[in-house]
Amino acid sequence: MKSFFYLITASILFTGCTNLTFQSGDTAPKTEHDKIIYNQQQALKDQQQAAIDNYRY
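The text that follows walks through the structure, step by step, so that each part is easy to find. (Residues numbered from 1 in each chain as written. Predicted model: local features only at pLDDT ≥ 70, side-chain atom pairs only at ≥ 80, totals over all residues. Heavy atoms only, no water.)

## Some remarks on the overall build of the protein chain
Put simply, the test is: Secondary structure is summarised from DSSP: a helix means a run of H or I of at least four residues, a strand means a run of E of at least two, and numbering begins at the N terminus for each. Exposure classes here rest on a 1.4 Å probe applied to the protein chains alone. A residue is buried below 20% of its type maximum, exposed above 50%, and partly exposed in between.
Across its full length, the protein chain holds two helices and zero strands. Within the protein chain, buried positions represent 0% of all 57 residues.

## Digging into a nonpolar patch on the surface
Definition in use: Each patch is assembled from residues with relative accessible area greater than 30% and no salt bridge, linking like charges that lie within 9 Å and nonpolar side chains (Val, Leu, Ile, Met, Phe, Trp, Tyr) that lie within 5 Å. Each accessible area is a Shrake-Rupley estimate made with a 1.4 Å probe; only the visible protein chains count as cover when residues are assessed. A side-chain nitrogen of Lys or Arg and a carboxyl oxygen of Asp or Glu constitute a salt bridge if their distance falls within 4 Å.
Taken together, the side chains of Met 1, Phe 4, Leu 7, Ile 8 and Ile 12 present a nonpolar region at the surface, about 590 Å² in accessible area. Within the secondary structure, Ile 8 sits in helix α1 (residues 2-16). The partly exposed category is assigned to Ile 8, whose relative accessible area is 36%.

See the structure below:
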């Protein structure tokens, strides 16, 4: 039972960290998927900034 608990805990920890990277947010995207995500994040930032600017005035 103890080894089963350790196995489950280890599998959760290792599968939860598979997308962990040590790159900064300003690193250029390398794959097509990364480019799409980067463009979506930039569009969201622009949209949020426009909403903030619109709210201020």
